[in-house]
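Overview (structure and organization)
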Amino acid sequence: GKSGTGKSTLMKLICGFYNVNSGSIKIDNTNIDSMDIDYLRNQIGMLTQNIRMFETSIIDNIKYGNDNIKDNDVYNFINKYKINVYQSLNNDLSTKIKPNETNLSGGQKQIALLIKTILSNKKILILDEPTSALDDYHFEVVRRIIFDLKGKKTLLIISHDNRFQKKEFDNVYQIKNQTFIPIN
């Protein structure tokens, strides 16, 4: 959908940040209004467009909030997918992030938080514009990650990126006039 059609609002509704005024949102045939809010949010990993990082190392930002993520998990993920956005930092994930994140590009921040979201091991992953700051090489990396997750996670991807092909997804919708329109 076009900007302002409610894609990000939908994401917030699914996470229970807003109450649904009409209709319902169901996960596994259970209305989210009847779920414990902490349980609901513990099921969802979310990558938003508002990328903010703490003034600590890149790897600590990736692991923040999830004690189950170990340094090796991060490095294995980076090696598996041949992620190279940190070459300018000599691939040193202990690099401390400067105030206002001036030492990282948008793509470096986006990849760090994508890794964090994926490694959080949530049942549902919502990725809002996950490739907006990425070059073609890293777009293909993210595409491969997404398709490795198919069948293992529920993925909701919000994107204007024309590099994605509609045929690659199980369901594609456009939001128009507050209505989901299936796209073939």
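Structure shown above.
Residues numbered from 1 in each chain as written. Predicted model: local features only at pLDDT ≥ 70, side-chain atom pairs only at ≥ 80, totals over all residues. Heavy atoms only, no water.

1. So, the packing of helix H4 (residues 71-80) against helix H5 (residues 106-119)
Here H4 crosses H5 at 115°, and the two axes come no closer than 11 Å. On the basis of their axis angle, the class for H4 and H5 is roughly perpendicular. Judged by the twist between their axes, the crossing of H4 over H5 is right-handed. Between H4 and H5, the residues in contact are Asp73, Val74, Phe77 and Ile78 and Ile115, Ile118 and Leu119, respectively. A class-by-class count of the residues in the contact of H4 with H5 yields six nonpolar, no polar and one charged. (Axes fitted to C-alpha atoms, helices over the stretch in contact; angles between N-to-C directions. Helix = DSSP H or I, 4+ residues; strand = E, 2+ residues; numbered from the N terminus. Parallel < 35°, antiparallel > 145°, perpendicular 65-115°, else oblique. Left-handed = near helix turned anticlockwise from the far one by under 90°. Contact = heavy atoms within 4.5 Å. Nonpolar A, V, L, I, M, F, W, Y, C, P; charged D, E, K, R; others polar.)

2. Notes on the nonpolar core
Residues Ile58, Ile83, Tyr86, Ile111 and Ile145 are the most contacted members of the largest nonpolar core, which totals 34 residues. Of all elements in the fold, only helix H3 (58-63), H4, H5, strand S4 (124-128) and helix H6 (136-149) reach the threshold of two or more residues within this core. Not counting residues up to four positions away in its chain, the partners in contact with Ile145 are Phe77, Tyr81, Leu114 and Ile118. Counting residues in each nonpolar core, the second largest holds 15 residues, with Leu13, Ile25, Met35 and Ile158 among its members. (Core = buried A, V, L, I, M, F, W, Y, C linked by side-chain atoms within 4.5 Å. Buried < 20%, exposed > 50% of the residue type's maximum accessible area, 1.4 Å probe, protein only.)

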